Amino acid sequence: MDFYTTLNNGTKMPRLGLGTWKAPAEKTKEAILTAVKAGYRLIDCANDYDNEHVIGEALQELFAAGVVKREELFIQAKLWNSNHRPEHVKPDLMKTLEDLQLDYIDSFVIHWPQAVPSTGKICTLRPNGCFPAHHSKASMFPLNDEGYYCADMESHYVETWAAMEDLVDQGLTKTIGLSNFNKRQVEEVLLTAKKYKPAVLQNESHPYLHEKDLRDYCQIHNIAFQAYSALGSADRPWRLTGSITSGAPKTGHEVLSHPDIVKIGEKHGKTTANVVLRWHIQMRGTLCCKSVTPSRIVDNFKVWDFKLDSDDMAIIDKMNVGWRHLLWAETSMHPDYPFKDSLPWDYKLQKPGVGATAGAKA
C-alpha cells in the first residue's frame, strides 16, 4: 500500500498523519518534533485545539534544523464552527497561518457542518479562548444567557463552502474539504460547489465504526476518506461522564484492548495500535492518530512492514457495531447537525458540561 494517496487536484497526501486533538500545548511541541523525525509527514491541526501556536514553533525548529522542508509536509487545519459566515472564513484561516508560521496549508476543512457554537456576529479566534463562556466574552464556544450553546440558525455550509473556494484561488490552501459531515451533506456540497470539490472528508472511524457506505461514497466521488479517533479515542474527555456516549463502548472493551485485536497483534508481533492502523490502510483509507507519548508516536508509525491477512480482516469486520463516541449532542438544535440518527429518540438538549464538548476545556 502506497505511503501517499493522490487527492482530486493531484496533491499527494500521506495516508497516516499525527492528530493533535486533546494534545496539551505543553506536550504538543515534543510530539510534533518526534513525529516528523520518525517519518510522519501529515500533521492535522485545528484552532479550537488551542495548540496551533506551539505546532508553529515546532515546525520552524524542524525547518531551521534541516530535518524537513515545508513542501515535504502536508499540514491540515480546520474552519471553526463560530466562523461559518462567509466574511469570517478568511480571518479564521489567517490566524491559523499566523499561529503555524506558514504562508499556506495543504488542506482546510470545515470542522463541523452546524454553525454551533456560534453567534454569527463575530469571528472568534484562539486568543479569545477555547472554552465555553457567555457570548459577551467572545470565546470560541459562546453560550447564551441560559447556558446553552449559541446557534447561528441563519448560516448554512453551502455559503461557507463558496468562501472556502476563494481561499484556494488566493493560494492560502491547496485543497478544501469537510469533517463530520454525513453523506447527504457531502452530496449537497458536491452538487453546489462552483469551483472545487471536497478533497478530504475527515470523520470518526475505527473498528467499531467502519463507515463502509461513506467510505465507498467517497471513493466513487474521488474524496479521500480520513479517519479521526482512528484508535477508538480511549482518552476521550467524556469517557466516564459528561456525554450521552460516556461509558464503555458497545463491545465492552476499548478498541485497543479488544481480545481479538490483542490476539492479532500477538500473531504479527505488533502492538494493537499497529493492527488497527494497518486495518485502516488496508480499508483503502487515510487516517490521523494522536499521541503525545514519544515512544507511542514512534511505534504507531511501524505499519509499513506487515500486512493483515484475510482472517484478520474478517475478525475486525465483525466488530462493526456502529459505536460513535463523538456525537456532541449539545449542538443538535441546529438543522445542519449531522448525527441526528444516532441520538436517542427521547434526547433533550443539554447544556455543555465537563468533558461534554468536542474541543473545549473549562
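Data block above holds the structure.
Keep in mind the model is a prediction, meaning the values are calculated, not measured. (Residues numbered from 1 in each chain as written. Predicted model: local features only at pLDDT ≥ 70, side-chain atom pairs only at ≥ 80, totals over all residues. Heavy atoms only, no water.)

## Looking at the overall build of the protein chain
Here comes step 1: Counting its secondary structure elements, the protein chain contains 10 helices and 12 strands.
Here comes step 2: Against the 2.2 N^0.38 benchmark of 21 Å for 362 residues, the protein chain shows a C-alpha radius of gyration of 19 Å, consistent with a compact globule.
Here comes step 3: C-alpha extents for the protein chain along the principal axes are approximately 55 × 50 × 40 Å.
Here comes step 4: Within the protein chain, the proportion of its 362 residues that are buried is 59%. (Helix = DSSP H or I, 4+ residues; strand = E, 2+ residues; numbered from the N terminus. Rg over C-alpha atoms; globule rule 2.2 N^0.38 Å. Buried < 20%, exposed > 50% of the residue type's maximum accessible area, 1.4 Å probe, protein only.)

## Examining the pattern of salt bridges
Here comes step 1: Applying the stated criterion across every chain yields a total of 22 salt bridges.
Here comes step 2: When the shortest N-O distance is used, the salt bridge between K195 and D166 registers 3.9 Å. Remark: D166 occurs in helix α4 (residues 157-169) and K195 occurs in the loop between α5 (183-192) and β10 (200-204); sequence separation between them is 29 residues.
Here comes step 3: When its relative accessible area of 36% is taken as the criterion, D166 is described as partly exposed.
Here comes step 4: One connected set of salt bridges, linked through shared partners, spans D50, K95, E98, D99 and R126. (Salt bridge = Lys/Arg side-chain N within 4 Å of Asp/Glu carboxyl O.)

## Brief notes about the nonpolar core
Here comes step 1: I32, I75, I105, F108 and L201 are the most contacted members of the largest nonpolar core, which totals 74 residues.
Here comes step 2: No other element matches α4, which puts 7 residues into this core.
Here comes step 3: Counting 21 residues, the second-largest nonpolar core is a separate cluster that includes V116, A329, Y337 and L343. (Core = buried A, V, L, I, M, F, W, Y, C linked by side-chain atoms within 4.5 Å.)

## Quick look at the sheet that holds β10
Here comes step 1: Strands sit in the order β3-β4-β5-β6-β9-β10-β11-β12 around a closed barrel of 8 strands; the barrel is parallel. If you compare each strand with its neighbour and ignore which way they point, the axes differ by 30° on average.
Here comes step 2: Of the pairings in the sheet, the one linking strand β3 (residues 16-19) to strand β4 (residues 42-44) comprises 2 bridges and is parallel in character. Looking across to β4, one finds that G19 is bridged to D44. (Pairing = 2+ DSSP bridges. Axes fitted to C-alpha atoms, helices over the stretch in contact; angles between N-to-C directions.)

## What to know about the pairing of β10
Here comes step 1: Burial analysis of β10 places 5 of its 5 residues in the buried class, which makes it a mostly covered element.
Here comes step 2: As paired elements, strand β9 (residues 173-179) and β10 share 2 bridges and run parallel to each other. When the bridges of β10 are listed, L178 appears paired with L201.
Here comes step 3: For the segment spanning β9, α5 and β10, crossover handedness is right-handed.
Here comes step 4: Taken together, the 5 bridges between β10 and strand β11 (residues 224-228) define a ladder with parallel strand orientation. Within the sheet, the bridge partner assigned to Q202 lies in β11 and is Q226. (Right-handed = clockwise from strand over helix to strand, strands pointing away.)

## Examining the side chain of D312
Here comes step 1: Topologically, D312 is positioned in helix α10 (residues 310-317).
Here comes step 2: The residues touching D312, leaving out its near neighbours within four places in the chain, are I264, K267 and H268. (Contact = heavy atoms within 4.5 Å.)

## Digging into helix α3 (residues 86-100)
Here comes step 1: Its 15 residues give α3 an end-to-end C-alpha distance of 22 Å, which sits within 8% of 21 Å, the value for a rise of 1.5 Å per residue.
Here comes step 2: Residues of α3 that are buried include every one of H88, V89, D92, L93, K95, T96, L97, D99 and L100, and no others.
Here comes step 3: As for α3, its buried residues are in contact with α2 (52-64), β5 (74-79), β6 (105-110) and α4.
Here comes step 4: A positive phi of about 60° marks Q101, the residue just after α3. (Expected span 1.5 Å × (residues − 1).)

## Considering the packing of aromatic side chains
Here comes step 1: For the structure shown, the criterion picks out 16 aromatic pairs.
Here comes step 2: Their ring planes at 50° and their centres at 4.9 Å tell us that W80 and F141 sit as a pair that is tilted. With W80 in the loop between β5 and α3 and F141 in strand β8 (residues 141-143), this pair connects stretches of sequence that are 61 residues apart. The same class applies to W80 as to F141, namely buried.
Here comes step 3: Here Y337 and F339 contribute two aromatic rings whose centre-to-centre distance is 6.2 Å and whose plane-to-plane angle is 80°, an arrangement assigned as edge-to-face. (Phe/Tyr/Trp six-rings, centres within 6.5 Å; stacked < 30°, edge-to-face > 60°.)

## Some points on the packing of α3 against α4
A pair of packed helices is characterised by two quantities: the angle between their axes and the separation of those axes.
Here comes step 1: It is at 8 Å that the axes of α3 and α4 come closest, and there the two elements cross at 45°. By the criterion of interaxial angle, the relationship of α3 to α4 is oblique. When you trace α3 past α4, the crossing you get is right-handed. For the pair α3 and α4, the contacting residues are P86, V89, K90 and L93 in the first and E159, T160, A163, M164 and L167 in the second.
Here comes step 2: Of the residues contributing to the contact of α3 with α4, the split by class is 6 nonpolar, 1 polar and 2 charged. (Parallel < 35°, antiparallel > 145°, perpendicular 65-115°, else oblique. Left-handed = near helix turned anticlockwise from the far one by under 90°. Nonpolar A, V, L, I, M, F, W, Y, C, P; charged D, E, K, R; others polar.)

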